[in-house]
Amino acid sequence: MLPPTEPILKISGLDVVYKSRLKGLKTVAAEGVSFNVYKNETVGLIGESGAGKSSIANAIIGLVEGEGDVLLHGKEINAYSPLDRYKKIQYIFQDPTSSLDPRYSVFKSISEPLINLLEYDRTQCDARVRELLDAVGIPTIKMHNLPHEFSGGQKQRIAIARALAVNPEIILADEPLSSLDISVQAQIIHLFQDLQKKFSLSFVFISHDLNVIWYLSDYIVVLLGGAIVEKAPKKELFQHPVHPYTKELLSTVIANDKENSTVKKQAFFDSSDIQNPEGGCHFYTKCNIAQKECMNSKPQSKKVGPDHWVTCYSAKTQENCLTQRREDAKAQRKS
Amino acid sequence: MPLLTIKNLTTSFKESDGLIPILVDLSYSIGTGEVLGIVGESGSGKTMSVKTVLGLCPDKDYRIQSGSILFSGGDLLTLNGKYLRSIRGREITMIFQDALSALNPYLTIRTQLLEALPDTNLSKAEKLHKIIETLHWVGFADAEDKISSYPFELSGGMRQRVLTAMALLPDPKLIIADEPTSSIDATLSKQILSLFKKINVEKNISIIFISHNFGHVASVSNRILVMYGGRAVEVDTTDGVLTTPAHPYTRALLDSIPVAGSSGTALPFIPGDPPDLREIGINACPFYPRCRFVTNECKSSFPDKNTRNTKEFFCYHPLSQS
């Protein structure tokens, strides 16, 4: 689907910095992050622990303070009252067990946003909760049960129903699949795809798992150490990765050949000793094409293809990239 | 002769309204120097089967109804406590899932590693030397300094290495690793997985590796056991399970692994919920409510063991080899 010209959510130059009150230490969780979210589109944020994925999501919804512009429908997000903000943006957390109140029945958990944000009365709530539980595949007969009576996958469905309750335009989903079994994970991926079609939602989907991101995203933002290293539409990113970090990430995907269905030995990229050199590129210590300038100054974001941006000194500009691709294709045909 | 053999093990939990089956007629074995991977979803009995081996299940309300667990000639279920203690933590050691809660937060890792060393004739200095050597071996570059740290001072990957060192100290014959990779980052998992391979290859220790992540299990195991609803449904060599699964559950599980870059965006999934053995009972295939090939016989009896080459499986309607 072609995105309409105006994004629903426009994030530009977002910084999130945590300050320690005691020692005056600063931790930069995100710096200069910019991306857009269009209607009916899913943006996948991918990165490892500490890449700043959650901090960005928290800053969008206002759980932590960020500096920079977060524009919702062209208006600064802080200009909305919290209640208005939550009507437009909802959040799904990683662990459904701790995000649902153990002493609230499913009905009470889901009707809470309905009462607080939309001022529904009890009968309206009842009808709406039934509708939502239907949409996420929880039998309505279990509506008055407590969270502990459900399995992990069901709890995540309930958390999704609660996020959907107020008909938000954007849902921020922070690793919603990582605490689930593979078979349940597949069910929830299916549910997300289904709900997006049904309610024309936009998602900001956070994950460390490239495989999950592939199924759910239209546009992928790759984060490293709080900064965007590459962003591109899904297919573009998978076919023509430019940044050396993205290439590493893609090479570690479980190569699964559906033909003979071999789950090949899984390889991971080891980022344990990626450090943050003062003022340089975050990938500097691990990069095999690093140059001197990479250590001393941060590269600027460059456009290398349609909607495809890379933050790397070695990246060629769009024209060069396109010529390169044509040559590659020719060489492939010859061989 | 296999190192550990579990034969027809049936156990259950006692509830006020009757017994809940946990393991049903479970049999498997592991040979010397072998890595057996156990996969299955939460509640399939992976962990309970190994906890029963070590006698770590709560005595109250947990009933072992029948079966035997043979290890070096004796039955761990009938031998007395003294004998079990000479095996548990000595010949069979275990690595638990959550490294932070498996370590005592109040004690330094030196104290905890000393506890893990069996009473031998070694002097304290010799013991410390052995501990430092083992820590080096599992990947601590600066073991001498790190040995007096508390668990909270170590990163998740390092804690997992401490647990692994603890399991290695008594020179066991078998290490049971219960989801050692599920509470750490994907990038760290790689290092831990290669450590397990090293343990197996260099020290020739057998490993039971439990995980719900097929990728992790496949990368370390020689053989894979697939469990569902307290039963073994399929066991074969790693390649056999991955390339020619016979049980519909194994097939469905493999299909539902998301794979980046695959054509199409619809991910197959297994409809329905994990089985409730109180409803299904033990005289049916636990997978029948979610199975595509279900027939009446699946609902009334559990199939006998079938074999195909190296594969053993339990299904009335196995998938063909192609």
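Residues numbered from 1 in each chain as written. Chains lettered and ligands numbered in written order. Predicted model: local features only at pLDDT ≥ 70, side-chain atom pairs only at ≥ 80, totals over all residues. Heavy atoms only, no water.

Overview of the overall build of chain B
Next, step 1: A count of helical and extended segments in chain B gives 13 helices and twelve strands.
Next, step 2: Based on the C-alpha atoms only, the size of chain B along its principal axes is roughly 65 × 50 × 40 Å.
Next, step 3: By the burial criterion, 52% of the 322 residues in chain B qualify as buried.
Next, step 4: Within chain B, contacts between residues at least 6 apart in sequence are counted, and of these 62% link residues at least 24 apart.
Next, step 5: Averaged over its 32 positive side-chain charges, chain B has a centre that lies 2 Å from the centre of its 33 negative ones. (Helix = DSSP H or I, 4+ residues; strand = E, 2+ residues; numbered from the N terminus. Buried < 20%, exposed > 50% of the residue type's maximum accessible area, 1.4 Å probe, protein only. Contact = heavy atoms within 4.5 Å. Lys, Arg positive; Asp, Glu negative; His and termini not counted. Charge placed at Lys NZ, Arg CZ, Asp CG, Glu CD.)

Digging into the overall build of chain A
Next, step 1: Broken down by element type, chain A carries twelve helices and 14 strands.
Next, step 2: Across the 335 residues that make up chain A, the buried fraction comes to 50%.
Next, step 3: For chain A, the proportion of contacts with a sequence separation of at least 24, taken over those separated by at least 6, is 61%.

Description of the sheet that holds strand S3 (residues 35–39) of chain B
Residues and elements named next belong to chain B.
Next, step 1: Judged by pairing direction, the sheet is mixed, and its eight strands sit side by side in the order S6-S7-S8-S3-S9-S10-S12-S11 without closing on themselves. Taken across any chain shown, the strands that pair with only one partner, and hence form the sheet edges, are strand S6 (92–95) and strand S11 (306–308). Going across the sheet, the axis of each strand differs from the next one's by a mean of 20°, ignoring polarity.
Next, step 2: In the sheet, S3 pairs with strand S8 (residues 206–210) via four bridges, with the strands oriented parallel. Bridge pairing in S8 places Ile38 opposite Ile210.
Next, step 3: Of the strands in this sheet, strand S9 (223–228) and strand S10 (231–237) are in contact with helix H11 (residues 248–255), which crosses S9 at around 100°. (Pairing = 2+ DSSP bridges. Axes fitted to C-alpha atoms, helices over the stretch in contact; angles between N-to-C directions.)

Quick notes on the nonpolar core
Next, step 1: Core analysis: the biggest nonpolar cluster contains 58 residues, and Ile110, Ile160, Leu177 and Phe192 of chain A have the highest contact counts within it.
Next, step 2: The greatest single-element share of this core, amounting to seven residues, is contributed by helix H7 (residues 182–199) of chain A.
Next, step 3: Both domains that meet at this core, namely domain 1 (1–225) and domain 2 (242–335) of chain A, each give it at least three residues.
Next, step 4: Dropping the residues within four chain positions of it, Ile160 of chain A is found in contact with Ile92, Val136, Ile188, Leu191, Phe192 and Leu195 of chain A.
Next, step 5: Counting 57 residues, the second largest nonpolar core, distinct from the first, contains Ile132, Ile147, Ala218 and Ile224 of chain B. (Core = buried A, V, L, I, M, F, W, Y, C linked by side-chain atoms within 4.5 Å. Domains from an automatic or database assignment.)

A look at empty space enclosed by the protein
Next, step 1: With the rule as written, the count across this model stands at four cavities of 30 Å³ or more.
Next, step 2: The calculated volume of the largest cavity comes to roughly 70 Å³.
Next, step 3: Every residue lining the largest cavity is listed: His247, Pro248, Cys285, Phe287, Tyr288, Cys291, Cys298, Pro303, Phe314, Cys315 and Tyr316 of chain B.
Next, step 4: Here the lining of the largest cavity is built from residues that sort into ten nonpolar, one polar and no charged.
Next, step 5: The volume enclosed by the second largest cavity comes to roughly 60 Å³.
Next, step 6: Lining the second largest cavity we find His243, Pro244, Cys281, Tyr284, Cys287, Ile289, Cys294, Pro299, Cys312, Tyr313 and Ser314 of chain A.
Next, step 7: A breakdown of the residues in the lining of the second largest cavity according to their chemical character gives nine nonpolar, two polar and no charged. (1 Å grid on protein atoms, 1.4 Å probe; cavity = no way out; pocket = protein on both sides within 12 Å on 5 of 7 lines; lining within 4 Å. Points joined across faces, edges and corners; volume = space filled by probe spheres on them. Nonpolar A, V, L, I, M, F, W, Y, C, P; charged D, E, K, R; others polar.)

What to know about helix H7 (residues 156–168) of chain B
Residues and elements named next belong to chain B.
Next, step 1: Between its first and last C-alpha atoms H7 spans 19 Å; for 13 residues at 1.5 Å apiece the expected length is 18 Å, and the two agree.
Next, step 2: Summarising burial for H7: eleven of the 13 residues are buried, a large majority.
Next, step 3: Looking at H7, one finds that the buried residues are Gly157, Arg159, Gln160, Arg161, Val162, Leu163, Thr164, Ala165, Met166, Ala167 and Leu168. (Expected span 1.5 Å × (residues − 1).)

Section: the packing of helix H4 (residues 109–116) of chain B against helix H5 (residues 124–137) of chain B
Residue and element names in this part refer to chain B.
Next, step 1: Running from N to C, H4 and H5 point in directions that differ by 105°, and their axes come no closer than 10 Å. Judged on the interaxial angle alone, H5 and H4 are roughly perpendicular. Judged by residue contacts, Arg110, Leu113 and Leu114 of H4 engage Lys124, Lys127, Leu128, Ile131 and Leu135 from H5.
Next, step 2: Taken together, the residues of the contact of H4 with H5 sort by class into five nonpolar, no polar and three charged. (Parallel < 35°, antiparallel > 145°, perpendicular 65-115°, else oblique.)

As for the confidence of the model for chain A
Next, step 1: Of the residues in chain A, 89% reach a pLDDT of 70 or more, and the chain-wide mean stands at 82.
Next, step 2: Every residue in residues 254–275 of chain A is under pLDDT 50, and counting partners more than four places away or in other chains gives 62 contacts. (pLDDT = per-residue confidence, 0-100.)

Things to note about the packing of aromatic side chains
Next, step 1: Applying the stated rule across the entire model yields eleven aromatic pairs over all chains.
Next, step 2: Measuring from centroid to centroid gives 5.7 Å for Phe192 of chain A and Phe205 of chain A, while their planes differ by 85°, and the two rings are edge-to-face. Of the two residues, Phe192 of chain A is situated in helix H7 and Phe205 of chain A in strand S8 (residues 202–207); the sequence distance between them amounts to 13 residues. Judged on exposure class, the residue Phe192 of chain A and its partner Phe205 of chain A are both buried.
Next, step 3: Note on Tyr249 of chain B and Phe287 of chain B: the rings are 5.2 Å apart at their centroids and 65° apart in plane angle, and the pair reads as edge-to-face. Residue Tyr249 of chain B is located in helix H11, and its partner Phe287 of chain B is located in the loop between helix H12 (277–280) and helix H13 (296–300); the two are separated by 38 residues in the primary sequence. Summarising the burial analysis for this pair, Tyr249 of chain B and Phe287 of chain B share the class buried.
Next, step 4: Three or more aromatic residues joined by ring pairs form one cluster here, namely Phe192, Phe203 and Phe205 of chain A.
Next, step 5: For Lys75 of chain A, the ring lying beneath its charged end belongs to Tyr80 of chain A, and the centroid distance is 4.6 Å.
Next, step 6: Across the ring face of Phe302 of chain B, the terminal group of Arg231 of chain B is positioned such that the distance to the ring centre comes to 3.6 Å. (Phe/Tyr/Trp six-rings, centres within 6.5 Å; stacked < 30°, edge-to-face > 60°. Lys NZ or Arg CZ within 6 Å of the ring centre and 35° of its normal.)

As for the pairing of S6 of chain B
Along a regular strand, successive side chains alternate from one face of the sheet to the other.
All names here are of chain B.
Next, step 1: Along S6, one buried face is formed by Ile92 and Met94 and the opposite face, lined by Thr93 and Ile95, is buried too.
Next, step 2: Two elements, S6 and strand S7 (residues 174–178), share four bridges in a ladder whose sense is parallel. The residue bridging Ile92 from the neighbouring strand is Leu174, located in S7.

Quick word on the sheet that holds strand S2 (residues 26–37) of chain A
Residue and element names in this part refer to chain A.
Next, step 1: Across the sheet, which stays open at both edges, the four strands sit in the order S2-S1-S4-S5 with antiparallel pairing between neighbours. Among the strands making up the open sheet, the edge pair consists of S2 and strand S5 (75–76).
Next, step 2: Here strand S1 (residues 9–19) runs beside S2; their pairing, made up of eight bridges, is antiparallel. In the strand pairing of S2, Tyr18 is matched with Thr27.
Next, step 3: Along the sheet, helix H1 (residues 53–61) contacts S1, S2 and strand S4 (67–72); its crossing angle with S1, the most-contacted strand, is approximately 110°.

Describing the pattern of salt bridges
Next, step 1: Per the stated rule, a full pass over the model turns up 18 salt bridges over all chains.
Next, step 2: Residue Asp84 of chain A is joined to Lys87 of chain A by a salt bridge in which the shortest nitrogen-to-oxygen separation is 3.8 Å. Highlighted residues: Asp84 of chain A and Lys87 of chain A, both in helix H2 (residues 82–88), separated by three residues, approximately one helical turn.
Next, step 3: What makes Asp84 of chain A partly exposed here is its relative accessible area of 34%.
Next, step 4: Asp276 of chain B is the salt-bridge partner of Arg278 of chain B, the closest N and O atoms lying 3.5 Å from each other. (Salt bridge = Lys/Arg side-chain N within 4 Å of Asp/Glu carboxyl O.)

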